[in-house]
Amino acid sequence: MYSWECNRTNLFSLREHTLSIFSNIPKMAAFSSTITFIQNPKLSISAVASATASELPLPHSLFSRCSIKHRSISLTAKSITSQASPLTVTRAAADASAAPSSAATSFHGLCYVVGDNIDTDQIIPAEYLTLVPSNPAEYEKLGSYALIGLPASYETRFIEPNETKTKYSILIGGDNFGCGSSREHAPVALGAAGATAVIAESYARIFFRNSVATGEIYPLESEVRICEECRTGDVVTIELAENRLINHTTGKDYKLKPIGDAGPVIEAGGIFAYARKTGMIPSHSA
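Below: a short report on this structure.

## Thoughts on the overall build of the protein
So, point 1. When you go through the protein residue by residue, the secondary structure sums to 9 helices and 9 strands.
So, point 2. By residue count, 52% of the 286 residues in the protein fall in the buried class.
So, point 3. Accessible area of the protein: about 12600 Å², with a carbon and sulfur share of 50%.

So, in structure tokens, the structure goes:
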């Protein structure tokens, strides 16, 4: 079951939730580094950790109250205040109080193929955004509407009528997947429907970021236009450790771009679950 930590505070402003963090600059720096990684998933966590404040695209307000001598960023701090709870989705099973699970290394199932510029209105239309994922019934219902906005030219539907889960656990798309609005519901709906990963030629940056921050789905990038070589219903396997996709139906292999430091965040269940798991913020039981 997934839990929804719901607060309409902007994820990158932090506002009142950061007031107590400012009393401890090293703790604030640790959390700021993690947020910077989610804002810029192409950066590695180690690169962010070794950077200085002037090199990171953090909101100026984060450092406007800080002495210049404290502007070095480090990920060594082990905790920050537990008051921060911006809008995000986390896997309850990945809470820091639970024993660490082994990282997912592969996904196997049927694929569903779409084209270029699949936007968030096609992934989950705005009329369904009133559903609250913290409610298990509404979370399941949200998933039942995943990709319902696709045009009629997609004769095979992602979710069959009167079903709440998809039989296609892996999505394969083209260029600019997830473009459109900033709604976090887009990756949440795909995860709720039963999808585990998307493989696309490229992503809208905010969809990629939301996928990592929520931990709902792996946004993987392909080296070539796999969407033109795979067909809906093909049996495929994603090998994360080997960065490749195997299409068992056609017998072809495809190279994928490494997910990098985003992988552990997604595996943990999202940015806040990852922060708890690594000791950056206290667990719920603390």
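Still more to cover.
## Looking at the pattern of salt bridges
So, point 1. In total, this model carries 7 salt bridges according to the counting rule given.
So, point 2. For R225, the salt bridge is made with E228, and the minimal N-O distance between the two is 2.8 Å.
So, point 3. Judged by its relative accessible area of 51%, E228 falls in the exposed class.
So, point 4. A salt bridge links R244 to D253, with the nearest nitrogen and oxygen atoms 2.3 Å apart.
So, point 5. Owing to a relative accessible area of 27%, R244 belongs among the partly exposed residues under this scheme.

## Observations regarding the pairing of strand β4 (residues 168-172)
So, point 1. In terms of residue burial, β4 counts as a mostly covered element, since 5 of its 5 residues are buried.
So, point 2. Strand direction decides the pairing type here: β4 and strand β5 (residues 197-200), joined by 3 bridges, are parallel. Among the inter-strand pairings, I170 is bridged to a residue of β5, identified as A197.
So, point 3. Between the parallel elements β4 and β5, the chain passes through helix α6 (residues 185-193) in a crossover that is right-handed.

## Considerations on the packing of aromatic side chains
So, point 1. Counted according to the given criterion, the structure contains 8 aromatic pairs.
So, point 2. Centroid distance Y128 to Y145: 3.8 Å. Interplanar angle 10°. Geometry classified as stacked. With Y128 in the loop between α4 (120-123) and α5 (136-144) and Y145 in the loop between α5 and β4, the pair connects residues that are 17 residues apart, well separated along the chain.
So, point 3. With a centroid separation of 6.1 Å and an interplanar angle of 75°, the aromatic rings of F177 and Y203 are classed as edge-to-face. Taken together, the residues span a long stretch of sequence, with F177 in the loop between β4 and α6 and Y203 in the loop between β5 and α7 (205-214) at a distance of 26 residues.
So, point 4. The class of Y203 is buried, set by a relative accessible area of 12%.
So, point 5. Through pairs of rings, three or more aromatic residues link up here, namely F177, Y203, F207 and F208.

## Things to note about the packing of α5 against α6
So, point 1. It is the contact of α5 with α6, at a shortest axis distance of 7 Å, that shows an interaxial angle of 95°. It follows from the interaxial angle that α5 and α6 lie roughly perpendicular. Where α5 abuts α6, its residues Y139, L142 and G143 lie against H185, V188, A189, G191, A192 and A193.
So, point 2. Grouping the amino acids of the contact of α5 with α6 by side-chain chemistry returns 6 nonpolar, 3 polar and no charged.

## Quick look at the sheet that holds strand β3 (residues 106-113)
So, point 1. On the basis of which strands lie adjacent, the open sheet formed by 7 strands has the order β6-β5-β4-β3-β7-β8-β9 and mixed pairing. Lying at the two open borders of the sheet, with one neighbouring strand each, are β6 (218-221) and β9 (252-255). Between one strand axis and the next, the sheet turns by 30° as a mean value, whatever way the strands run.

## Details of the nonpolar core
So, point 1. Core analysis: the largest hydrophobic core is formed by 63 residues, its most contacted members being F158, I172, F177, L190 and I238.
So, point 2. In terms of residue count, the dominant contributor to this core is α6 (6 residues).
So, point 3. Contact partners of L190, with chain neighbours within four places excluded, come to I123, A146, L147, F158, L171, F177, A195, V198, F207 and I217.

Cut-off values and rules
Residues numbered from 1 in each chain as written. Predicted model: local features only at pLDDT ≥ 70, side-chain atom pairs only at ≥ 80, totals over all residues. Heavy atoms only, no water. Helix = DSSP H or I, 4+ residues; strand = E, 2+ residues; numbered from the N terminus. Buried < 20%, exposed > 50% of the residue type's maximum accessible area, 1.4 Å probe, protein only. Areas by Shrake-Rupley, 256 points an atom, 1.4 Å probe, with all protein chains shown as cover. Salt bridge = Lys/Arg side-chain N within 4 Å of Asp/Glu carboxyl O. Pairing = 2+ DSSP bridges. Right-handed = clockwise from strand over helix to strand, strands pointing away. Phe/Tyr/Trp six-rings, centres within 6.5 Å; stacked < 30°, edge-to-face > 60°. Axes fitted to C-alpha atoms, helices over the stretch in contact; angles between N-to-C directions. Parallel < 35°, antiparallel > 145°, perpendicular 65-115°, else oblique. Contact = heavy atoms within 4.5 Å. Nonpolar A, V, L, I, M, F, W, Y, C, P; charged D, E, K, R; others polar. Core = buried A, V, L, I, M, F, W, Y, C linked by side-chain atoms within 4.5 Å.

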